[in-house]
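Tertiary structure, described
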Amino acid sequence: MKKYGFFDDAAREYVITTPQTPYPWINYLGTQDFFSLISNTAGGYCFYKDARLRRITRYRYNNVPVDMNGRYFYIKEGSDVWSPGWKPVKNDLDDYKCRHGMGYTVIHGTKNKLAAEALFFVPMNFNGEVHKIKLTNESKKKKKFTLFSMAEFCLWNAHDDFTNFQRNLNTGEVEVDGSTIYHKTEYRERRNHYSFYTVNTEVAGFHSDRDSFTGRYNGFEAPEAVMKWKPGKSEAKSVGDGWSPIASHVIEVTLEPGKSEEFVFVLGYVEVENDDKWAKPGVINKKNAKAMIKKFNTASAVNKAMAEMKKFWDDLLSRYTVKSGDDKLNRMVNIWNQYQCIVTFNLSRSASYFESGIGRGMGFRDSNQDIAGFVHQLPDRARQRIIDLASTQFENGGAYHQYQPLTKKGNNEVGGNFNDDPLWLIYSVASYIKETGDWDILKESVPFDNNPATAKPLLDHLSASFHHVINNLGPHGLPLIGRADWNDCLNLNCFSTTPDESFQTCTSKDGKTAESVLIAGMFACIGKEYVRILKHLGKKAEAEVAQNHIDKMKKTILTAGWDGEWFVRAYDDNKQKVGSKECGEGKIFIESQGFCVMAEVGVDDGKAEKALESARKYLDTDHGLVLLNPAYTKYHVELGEVSSYPPGYKENAGIFCHNNPWIIIAETILGQGDNAFSHYSKIAPAYREEKYSELHRMEPYVYPQMIAGKDAKRHGEAKNSWLTGTAAWNFVTVSQWILGIRPDYDGLIIDPCIPSTWPGFKATRKFRGATFNITVKNESKSCKGVRCLTIDGKAIPGNTIPVFTDGKAHSVVVIM
Ligand code: BGC
Ligand code: NOJ
């Protein structure tokens, strides 16, 4: 199988060696408020906080060829025109390399012995992209050439920008001041923000009007302004006015043999005080922009900011590291899985090459799940996210399914009634407390539906979540499913026969019948954390009542939820089983097997083991476990979107990487380290990179949401990379359950469940201030079971490292 690059673990980079990857292989820039997507050919776009409402540069989705628009450079030497990132010009390069690293991307292109190296990143605490381009004359002759930049502005609201042409082909406005092009569309009226693109050198010309740049009949691959440019003879001064504003600089360069020159470009976003918007009538106040421009007016300032960012990532990635005999495992755990967790935490499911940034903001269930994979990195940000999420909960415990990151308000178009949502809040808060020991978060006063008058301590929100389940039980005593549970496509109350109707939001039945065994499993598994929290707070009576509800639910799962060889998935609106041997298609689903075993249902009587055996028998493939089997071949109106996908894709028997980990965790609970690792390595990208780069098609350094299942024509091909709950769940799985280093309320549990052939491994975990250097020795060649644990040479009973408040490093030895 063809490979398209390689991992450079020491540099924490994936190095792509051809621009012609099977799909754009992207990276993310930005850590706080300003974010960018950048592909290996410099495609992509950027935005401030909200990919829908504050889009800075324009992107053309679903284009031909794919990935049109980015921040593009053109080099014109004589009549040769080329781009260092190959696109958009697509002239053959003599050398090409793209290095995607932690928060930055470097693209090198060489042609005719002229080397261009373009670094792209978003510095820490900075609302803009910095592009540093280094040009080197590798020939023996003096070179004279022209460098052009190009960024196309979006008119802020990405949805409007793509739909409301009758208005927005009139509104574009720019100002040009020296080497800076300011994009100030709508600033005259209600906006107090603008953006700009600048370069730290004098320019020979500029364009701020797209049509003048491309020419009326050309595209970005052969813009007239570049193709026809004659140094010293041509003029470039087009001003964007209405139509489409862009920013392009024209820079003449002369390089002696062996010499280099560097230019720094800044593509920034600025907010201005409302009463200080204008320098003089019609002229925007550029003070804040000028400060940003000054900050990065030299290459050395850029290098300093890069070093600062590297320190940030070094610190984040030092909190959990593993040293095993397996490079692929090491690079997943130490670098890429953690990196993906952070990106996913930042952006939820809003902006990727599969999510337009227009449709979805922050998902309630999504973001709560993301916290578990992220909380050890930046716990304060996780805390804030929990508060933001809980603020969109309703008083009855339900929640808005999504909220907009800019306003933090629940999204009315989507609404609520996804009945798994409430439980995920308990899950995230429990993960947060286990990591930090910050019990005070429970006292934090948090409004319901963003209405300050309703504010209650966060603990009350957890209680509302828990009770939402028991207040909404169906005929069998299982939880009612609502619009859907985790599986957005199991729409048991939808009964949609109208094309164009969204399965997610269509009017549904009152929903008093259809039930979910997944929510039942979640209730038992996550509800247990609610009980432990109550106990810790000394609320014994409440804890007991809650525990009784859980015990009852577990019994119900074992009766109404057990199918003989596996757990049923649901009951539909006609009280018919979903995911049962009684069904013609969709006999077994993955979710209830994973979550019920995670809840330890049926562990004592062999049902749990049987369920996992069935998962292996009916769901497993070379590329991971499919979501259900057999795939639906017909549209089932009573099941909804799940049966709308062709067999093998997405929720209809695709390999959903998000819930493979539930089975893996379940295997570790039963001590099956060999099975657990086999499932893990089938979907982990680093393992797939070696075997399947071409078939897999997506980036080999991050998880995709879905790999086409065994019923699909393209079995093994992935889709929807980057923003998926897969990131957090796989990190939790490998770090806490396979390697077994798992935060708990009162300490750090060490309980590995690994392949029996492993001799052991070493890991470093920073936890509540102290650093633990852990050595695991698998002396008994078993999968699971800690026989002895010593800290700094002293044996302790059990396998939980207590909390150390000394902030020091401790050595831990674990014998299995
Ligand atoms: C997808 C789901 C997704 C949902 C979100 C569906 O079309 O199949 O994976 O969660 O849309 O709206
Ligand atoms: C992706 C969605 O973001 C998530 O909320 C959902 O649980 C899964 N798809 C499964 O449908």
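Residues numbered from 1 in each chain as written. Chains lettered and ligands numbered in written order. Predicted model: local features only at pLDDT ≥ 70, side-chain atom pairs only at ≥ 80, totals over all residues. Heavy atoms only, no water.

Of the regular secondary structure elements, the chain holds 19 helices and 45 strands. Relative to its length of 816 residues, the chain is compact, with a C-alpha radius of gyration of 28 Å against a globular reference of 28 Å. Counting only C-alpha atoms, the chain reaches 85 × 60 × 50 Å along its principal axes. Here the chain holds 816 residues, and the buried ones make up 64% of them. Across the chain, contacts joining residues at least 24 apart in sequence account for 68% of those joining residues at least 6 apart. Accessible surface for the chain amounts to roughly 29600 Å². Of this, 47% is attributable to carbon and sulfur atoms. (Helix = DSSP H or I, 4+ residues; strand = E, 2+ residues; numbered from the N terminus. Rg over C-alpha atoms; globule rule 2.2 N^0.38 Å. Buried < 20%, exposed > 50% of the residue type's maximum accessible area, 1.4 Å probe, protein only. Contact = heavy atoms within 4.5 Å. Areas by Shrake-Rupley, 256 points an atom, 1.4 Å probe, with all protein chains shown as cover.)

Mean pLDDT over the chain: 97, with 100% of residues reaching 70 or higher. The least confident element of the chain, judged by mean pLDDT, is strand 25 (residues 402–403) at 91; the most confident is strand 31 (residues 588–589) at 99. (pLDDT = per-residue confidence, 0-100.)

As a further point, take the sheet that holds strand 10 (residues 104–111). Within a sheet, adjacent strands bond to each other through the backbone by hydrogen bonds, running parallel or antiparallel. The 10 strands are arranged 1-2-9-10-11-12-20-16-15-14 in an open sheet whose pairing can be described as antiparallel. Each edge of the open sheet carries a strand with a single partner, namely strand 1 (5–8) and strand 14 (174–177). Between one strand axis and the next, the sheet turns through 15° on average, direction left out of account. Alignment of strand 1 against strand 2 (residues 13–16), held across four bridges, turns out to be antiparallel. Bridge pairing in strand 2 links Gly5 to Ile16. (Pairing = 2+ DSSP bridges. Axes fitted to C-alpha atoms, helices over the stretch in contact; angles between N-to-C directions.)

Considering all chains together, one arrives at 53 aromatic pairs under this definition. A centroid spacing of 5.0 Å and a plane angle of 50° characterise the contact between Trp336 and Tyr701, whose relative ring orientation is tilted. Placement of the pair is Trp336 in helix 7 (residues 327–347) and Tyr701 in the loop between helix 18 (685–696) and strand 36 (704–707), with a sequence separation of 365 residues. Judged by relative accessible area, Trp336 falls into the buried class, the value being 1%. Given a relative accessible area of 0%, Tyr701 falls into the buried group. Between Tyr339 and Trp722, the aromatic rings sit 6.1 Å apart at their centres with planes inclined by 75°, giving edge-to-face as the arrangement. Of this pair, Tyr339 sits in helix 7 while Trp722 sits in the loop between strand 37 (718–721) and helix 19 (726–738), placing them 383 residues apart in sequence. Considered together, Tyr339 and Trp722 belong to a single accessibility category, that of buried residues. (Phe/Tyr/Trp six-rings, centres within 6.5 Å; stacked < 30°, edge-to-face > 60°.)

This paragraph deals with the site of ligand 2. All residues in the neighbourhood of ligand 2 are listed as Arg349, Arg360, Arg365, Asp366, Trp486, Asn487, Asp488, Glu651, Phe656 and Gln705. Within the side chain of Asp366, an N or O atom sits 2.6 Å from an oxygen atom of ligand 2. Here ligand 2, which alone exposes 300 Å², has 94% of that area covered by the protein. Using a 2 Å cut-off from the grid points, one finds that ligand 2 occupies the largest pocket. (Near = heavy atom within 4 Å. Polar contact = N/O pair within 3.5 Å; in protein donor to acceptor, adjacent residues only side chain to side chain. 1 Å grid on protein atoms, 1.4 Å probe; cavity = no way out; pocket = protein on both sides within 12 Å on 5 of 7 lines; lining within 4 Å. Sits in = over half its atoms within 2 Å of the grid points.)

For the rest of this paragraph, the subject is the site of ligand 1. Near ligand 1 the following residues occur: Arg360, Asp488, Cys489, Gln504, Glu641, Tyr645, Lys650, Glu651 and Gln705. Between an oxygen atom of ligand 1 and a side-chain N or O atom of Asp488, the distance comes to 2.5 Å. Glu651 is positioned such that a nitrogen or oxygen atom in its side chain is 2.6 Å from an oxygen atom of ligand 1. Against a free-state accessible area of 310 Å², the protein chains account for coverage of 79% of ligand 1. Taken atom by atom, the bulk of ligand 1 overlaps the largest pocket. Within the shell around ligand 1, the residues separate by chemical class into two nonpolar, two polar and five charged. (Nonpolar A, V, L, I, M, F, W, Y, C, P; charged D, E, K, R; others polar.)

On to the layout of surface pockets, then. Put simply, the largest pocket is a space of about 750 Å³. What lines the largest pocket is a set of 32 residues, among which Glu355, Arg360, Lys650, Gln705 and Asn720 lie closest to the centre. Broken down by secondary-structure element, the contributors of at least two residues to the lining of the largest pocket are helix 8 (364–374), strand 36 and strand 37. For the lining of the largest pocket, the per-class residue count stands at nine nonpolar, 13 polar and 10 charged. Each pocket or cavity is described by its volume, and for the second largest pocket that value is around 570 Å³. If you go around the second largest pocket, you meet 26 residues; those closest to its centre are Lys434, Glu529, Gln736, Trp737 and Arg742. Within the residue set of the lining of the second largest pocket, elements represented by two or more residues are helix 10 (421–436), helix 12 (517–536), helix 14 (590–598), helix 16 (660–669), helix 19 and strand 38 (741–744). (Points joined across faces, edges and corners; volume = space filled by probe spheres on them.)

At the junction of Lys87 and Pro88, the peptide bond is cis and its omega measures out at 0° in the coordinates. Mapped onto the elements of the fold, Pro88 is located in the loop between strand 8 (80–82) and strand 9 (95–101). Look at the link from Asn629 to Pro630: it is a cis peptide, with omega at -15°. Tracing the chain through its elements places Pro630 in the loop between strand 34 (628–629) and strand 35 (655–656). Even without a glycine there, the phi angle at Glu186 is positive, about 70°. Within the secondary structure, Glu186 sits in the loop between strand 15 (180–183) and strand 16 (193–199). For Asn417, which is not glycine, the phi dihedral falls at a positive 70°. Along the chain, Asn417 turns up in the loop between strand 25 and helix 10.

Turning our attention to the packing of helix 16 against helix 19. Following both chains from N to C, one finds helix 16 and helix 19 inclined at 10°, their axes separated by 9 Å at the closest point. Considering the angle they form, helix 16 stands roughly parallel to helix 19. The segment helix 16 lies against helix 19, with Pro661, Trp662, Ile664, Ile665, Thr668 and Ile669 engaging Trp729, Asn730, Thr733, Trp737 and Ile738. Taken together, the residues of the contact of helix 16 with helix 19 break down into eight nonpolar, three polar and no charged. (Parallel < 35°, antiparallel > 145°, perpendicular 65-115°, else oblique.)

Moving on: the pattern of salt bridges. In this structure the tally under the stated criterion is 51 salt bridges. The partner of Lys310 in a salt bridge is Asp314, and the shortest N-O contact between them spans 3.2 Å. Taken together, the residues Lys310 and Asp314, both in helix 6 (residues 299–316) and four residues apart, mark about one turn of the helix. Among the ionic pairs, Asp370 bridges to Arg349, the shortest N-O distance being 2.9 Å. A residue pair is termed long-range when its members are at least 10 positions apart, and Asp370 in helix 8 and Arg349 in the loop between helix 7 and strand 24 (362–363) qualify at 21 residues. A relative accessible area of 2% places Asp370 in the buried class. (Salt bridge = Lys/Arg side-chain N within 4 Å of Asp/Glu carboxyl O.)

One covalent bond between the sulfur atoms of two cysteine residues makes up a disulfide. For the structure shown, the criterion picks out one disulfide. The disulfide bridge from Cys494 ends at Cys506, spanning 2.2 Å between sulfur atoms. Of this pair, Cys494 sits in the loop between helix 11 (458–470) and strand 28 (515–516) while Cys506 sits in the loop between helix 11 and strand 28, placing them 12 residues apart in sequence. Per residue, the accessibility class of Cys494 equals that of Cys506, and both read buried. With no disulfide of its own, Cys98 has Cys46 as its nearest cysteine by sulfur position, at a separation of 17 Å. Its sulfur unpaired, Cys525 is 9.6 Å from the next cysteine sulfur, which belongs to Cys596. (Disulfide = S-S within 2.5 Å.)

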